[in-house]
Each structure stands twice: as C-alpha cells, then as structure tokens.
Amino acid sequence: MQRELVVRTGSRAELVDITGQVADVVRASGVEEGLCALLVPHTTAGLTLNENWDPSVRRDILAALERLVPWRGEYTHSEGNSAAHIKAFLCGFSAWVPIEGGLLSLGQWQGIYLAEFDGPRTRRVVVTVISSS
Amino acid sequence: MQRELVVRTGSRAELVDITGQVADVVRASGVEEGLCALLVPHTTAGLTLNENWDPSVRRDILAALERLVPWRGEYTHSEGNSAAHIKAFLCGFSAWVPIEGGLLSLGQWQGIYLAEFDGPRTRRVVVTVISSS
Amino acid sequence: MQRELVVRTGSRAELVDITGQVADVVRASGVEEGLCALLVPHTTAGLTLNENWDPSVRRDILAALERLVPWRGEYTHSEGNSAAHIKAFLCGFSAWVPIEGGLLSLGQWQGIYLAEFDGPRTRRVVVTVISSS
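Note that the structure is a prediction, hence the values are computed from the model and not measured.

K.L.:
How do you make sense of the interface of chain A and chain B when you look at a structure like this?
P.N.:
Quoted interface sizes are often the accessible area lost when the parts come together. Taken together, the contact pairs 29 residues of chain A with 33 residues of chain B. In total, chain A and chain B occlude about 2,500 Å² of area from one another, counting both sides; carbon and sulfur atoms represent 61% of this. There are one salt bridge connecting chain A and chain B. The salt bridge partner of E74 of chain A is R67 of chain B, with a shortest N-O separation of 3.9 Å. Linking chain A with chain B are 13 residue pairs in polar contact (both at pLDDT 80 or more), by the criterion used here.

K.L.:
Please explain unusual backbone geometry as it appears in this structure.
P.N.:
Negative phi values dominate among residues other than glycine, just as trans dominates among peptide bonds. Geometrically, the link from G119 of chain A to P120 of chain A is a cis peptide bond, its omega value of 0° lying close to zero. Within the secondary structure, P120 of chain A is located in the loop between β7 (113-116) and β8 (122-131).

K.L.:
So what exactly am I meant to see when it comes to the relation of the copies chain A and chain B here?
P.N.:
The operation relating the two chain copies consists of a rotation about an axis and a shift along that axis. Turning chain A through 120° and shifting it by 0.0 Å along the axis lays it on chain B, with an RMSD of 0.0 Å. Expressed as a symmetry operation, the mapping of one chain copy onto the other fits a three-fold axis. If distances are taken from each C-alpha of chain A to the rotation axis, the shortest is found for L90 of chain A, at 3.4 Å.

K.L.:
Quick question: what am I supposed to make of the packing of aromatic side chains here?
P.N.:
Both the distance between ring centres and the angle between the ring planes are used here to describe each pair of aromatic rings. For the structure on display, the rule yields zero aromatic pairs over all chains. Over the face of the ring belonging to W71 of chain C we find R12 of chain C, whose NZ or CZ atom lies 3.7 Å from the ring centre.

K.L.:
Is there a simple way to think about the sheet that holds strand β8 (residues 122-131) of chain C in this case?
P.N.:
All names here are of chain C. Spatially, five strands are ordered β1-β8-β3-β5-β6 in an open sheet, and the strand pairing comes out antiparallel. The sheet terminates laterally at β1 (2-8) and β6 (103-104), the two strands that pair on one side only. In the sheet, strand β3 (residues 34-39) pairs with β8 via six bridges, with the strands oriented antiparallel. By the bridge assignment, L39 is partnered in β8 with V126. Sheet contacts for helix α1 (residues 19-29): β1, β3, β5 (94-100), β6 and β8; angle to β1, the most-contacted strand, approximately 160°.

K.L.:
Can you help me understand the relation of the copies chain B and chain C in this one?
P.N.:
Of the transformation superimposing chain B on chain C, the axial component is 0.0 Å and the angular component is 120°, with the fit at an RMSD of 0.0 Å. Mapped onto chain C, only 17% of the interface residues of chain B again fall at the interface, so the copies present different surfaces.

K.L.:
Would you mind showing me how to read α1 of chain C here?
P.N.:
Because each turn of an α-helix spans 3.6 residues, side chains separated by three or four positions end up pointing in the same direction. Residue and element names in this part refer to chain C. Where α1 is concerned, the buried positions are T19, V22, V25 and V26. Buried residues of α1 fall within an arc of 125° about the axis and therefore sit on the same side. Facing away from the buried surface of α1 by more than 90 degrees, the exposed residues are R27 and A28. Looking at the packing, one finds that the buried side of α1 touches β1, β2 (14-17), β3, β5, β6 and β8.

K.L.:
Quick question: what am I supposed to make of the packing of helix α2 (residues 55-68) of chain A against helix α3 (residues 82-91) of chain C here?
P.N.:
Any two packed helices are characterised by how steeply their axes cross, that is the angle between the axes, and by the distance between the axes. As a packed pair, α2 of chain A and α3 of chain C sit with axes 9 Å apart at the nearest point and diverge in direction by 65°. With respect to their mutual orientation, α2 of chain A and α3 of chain C come out roughly perpendicular. Viewed along their axes, α2 of chain A and α3 of chain C form a crossing whose handedness is right-handed. Facing V57, D60, I61, A64, L65 and L68 of chain A of α2 of chain A, the residues of α3 of chain C in contact are S82, H85, I86, F89 and L90 of chain C.

K.L.:
Would you explain the side chain of N50 of chain A in this entry?
P.N.:
Mapping N50 of chain A onto the fold places it in the loop between β4 (45-48) and α2. On the basis of relative accessible area, N50 of chain A is assigned to the buried category, the value being 0%. Side chain to side chain, N50 of chain A and H85 of chain C meet in a polar contact 3.3 Å long. When residues no more than four places from it in sequence are discounted, the contact partners of N50 of chain A are V57, I61, W109, Q110, G111 and Y113 of chain A together with T43, H85, F89 and F93 of chain C.

Here is what the cut-offs are and how they apply
- Throughout this document, residue positions are counted from 1 along each chain, in the order its sequence is written.
- The order in which chains are written sets their letters, starting at A; the order in which ligands are written sets their numbers, starting at 1.
- Residue-level local features of this predicted model are given only where pLDDT is at least 70; pairs of side-chain atoms are given and counted only at 80 or more, and the full residue set underlies all totals for whole chains, interfaces and linings.
- Based on all heavy atoms of the structure, the side-chain values leave hydrogens and waters out of the count.
- Residue contacts are defined here by distance: any two heavy atoms, one from each residue, within 4.5 Å place the two residues in contact.
- Buried area is a sum: the accessible area each of two parts loses on coming together, probed at 1.4 Å, counted once for each and added.
- Just to be clear on terms, a salt bridge is a Lys or Arg side-chain nitrogen sitting within 4 Å of an Asp or Glu carboxyl oxygen.
- Pairs of N or O atoms are called polar contacts if they sit within 3.5 Å, as long as, within protein, a hydrogen donor faces a hydrogen acceptor (for residues adjacent in sequence, only side-chain-to-side-chain pairs).
- In this description a helix means any DSSP run of H or I spanning at least four residues, a strand means any run of E spanning at least two, and both kinds are numbered starting from the N terminus.
- Alignment of the copies relies on least squares applied to C-alpha atoms, considering only residues that score at least 70 for pLDDT in both.
- Paired rings are identified among Phe, Tyr and Trp, the last through its six-membered ring, by centres lying within 6.5 Å, and are further divided according to the angle between planes into stacked (under 30 degrees), edge-to-face (over 60) and tilted (the rest).
- Only Lys NZ and Arg CZ are tested; either one counts as a charge over a ring when it is within 6 Å of the ring centre and within 35 degrees of the ring normal.
- For two strands to count as paired, DSSP must find a minimum of two bridges between them.
- An axis is simply a line fitted to the C-alpha atoms; with a helix, the fit covers only the stretch in contact. Between two such axes, the angle follows the N-to-C directions and lies from 0 to 180 degrees.
- Exposed residues in this analysis have more than 50% of their type's maximum accessible area, buried residues have under 20%, and partly exposed residues fall in between, with area computed by a 1.4 Å probe over protein chains only.
- As used here, the arc belongs to the directions running from the helix axis to the C-beta atoms.
- For classification purposes, an angle smaller than 35 degrees is called roughly parallel, one larger than 145 roughly antiparallel, one from 65 to 115 roughly perpendicular, and anything else oblique.
- Note on convention: near helix rotated counterclockwise from far helix by under a right angle means a left-handed crossing. Clockwise means right-handed.

Coordinates in, geometry out; function isn't part of it.
So, in structure tokens, the structure goes:
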C-alpha cells in the first residue's frame, strides 16, 4: 500500500514529528509484519528518526548543522539555498521502520521526523507498506 | 527482481546521475506499485537523491563536504583515502525510491546519484525491486 | 521474517561489526533473493556499511566525527549527550542490504556496523527479511 502525507512546516529549519501520520497509514494497511518505507520527494528537506521526548535535542541538532553548513557561506547556486541542499544530503531522504504486530516498531525515544531546511513550505512524504509474511 | 548497474566515474569527487539506468530496471521488472531499493557495495562511494536541475547544487555539496572533511587531514589509514570513507559515511550507502504506476516516484527536482569520493573508478549499484501489491 | 539482535558496545564511540549476526538471520529466513532491512531503535547510535578490513578507517571516521561534533560543545540538552544524537543523525538509523543466492550481497570490503556514539551500552538492531521473488 502506498500513501502520500502532506506536512506543513513553519520555519526555515525545523524537525516536524510525523510519527502519528505514518502510524495511521500502517494501521490502515492491515499489515501485521513487514516494513514501512518512507521517502521525502524534495531536495531541501530530509527524513530522520530521532529523539521524541526532549525538544532540546532537536534544537541542538539544527544548531550543530547550522555551524557545519552555515546559511550564508561560499556557495555558487543562485537560488541562495545551497545550505539546505547540503543539510538534506547529510540527513538523507529515505528511511524505513519495521512493522511488528501491526504497529510501527520504533525505539522508545524514537520518532519519525521530516527535517525541513528551507521552509516554511508544504512538503510531501511517500509512505510504502510492505508485508514480510 | 535484482540487477546490477555499472557506473564509470570520471573524477575524484563527483555526483553521477543514474536515474535513467534505475528507471530501466524498474520498467523491466513490470512491478506497478512497490519499492526500488538501491545499494552501493563500496566503501568510498555513496548514494544520494538530490537536485537534478542546476549543477551548481552538486558543486556546492561537494565543496561543502571537502571543507568539512578535507582530502589532506589528520588521518591514520595508510591508503590515503580516509576522507573518501568519511564522506561516504556521511552520505550513506543505501536508499530506496517508491514505484507508482510502474514508474519511479521521485520528486520533480530529484535524481538518483552515485556519489563518488575516490574516483575515477568503475562502480556498481545493486537494484532490488519489490512489489507491495 | 523479523528478528532482533542484541549488541553490547564497549566504549563511548565505536563501530561494532554485526555482519555475522545479520547473515545468521538471513540464512535462517531461507530467503533466496530479496532484501534485508535494518533499523537501530535508538537515538544515540546509528548504522553504517563501511570498511571491514583495515581498522584505521573506523578510527579515522570516529575521529573526524569528533572534530565535526565535539563531545563538549555549545549544546542545551541537559543529559550532556547531544553530540551523540547529532553524530547518529549524520550516520542514519536505517539501512538495507540485498540478498542474492540466500546470502547478504555486500561489497568485498563492506561490513555492517552498529555505530555507537554514547556507550558503553546494550543496543538492539531490528532485522527484517523480505523476499523479492
């Protein structure tokens, strides 16, 4: 089964929790055991599976990325958002999560995040559910 | 279905567009809905899904990586290509793209790239196509 | 088929070879052609597929990460392990390896590594095997 999520981001750089939306797709699929594969079909946003509890972790991740790849830097791309492309490259665009007992099998402190690096924008996430049984 | 692509790279660091070759494998598989999983079976090259339009984005990505992980640096590995291993680690070696209606479902500006960090070399990419229906 | 591996790490930052344990799961699954998807359900450890031969490569990767994201830095997260979250973000939490002829189809110099960034700890890796035939 394949579904597309729509995610509205609110600032230039942000980690948006989409775990609930992805869990809804898995539930609707009826798959008991398998995998849920995710793709962000954008070039200035990525996907990560990080800490869902303390928001300071997300702040620290974004601040560290900004130190490594500053928004204003030695770039040639005329649109001015090269830093967003580079951060998304470092983050990655595809990920997957196992499905066990009909549920997403993430770690206790782990959520699924759309990583926005050039917002605010409306973003999409493609979710594909595959059965392994 | 599983196929292996051969990709010839032309310089030390380069992002080579392999979208067309991957699309050919998907077409040949006849899978209508599912996923196309990709692996680079190398340790100094990676895979990314980035901007397919303006080549300045790819230049800026490679230049930023070189600033973060300079070719000549504090490395101990005697082959002299530690920077390539580290860049490939940051890039990642596996990725996947959804298949919808028998076609790769990438974003409008998104291409599949082999990321060469220690070329020129002949590289391989393993493509596995799985049906989700 | 889905199995969970347990991996005991021995230092704060370490790349632990889990290729043999993953290969055992693939063998037990009896799948001849398909894919083996891996997830680290943690937020301060990741997964990579790097050099399995010369240990200096792994040392150089960890040292470069420490230069990019020093353990003591400008972080706000009160647990003091923000650097581990950031390194795991850069590394990634999920990966996949093709299965051909009933075996993991990795590159000649490629191993599957749990990347520990906040050890020593006991870590888990979820392995899902999917047939493509």
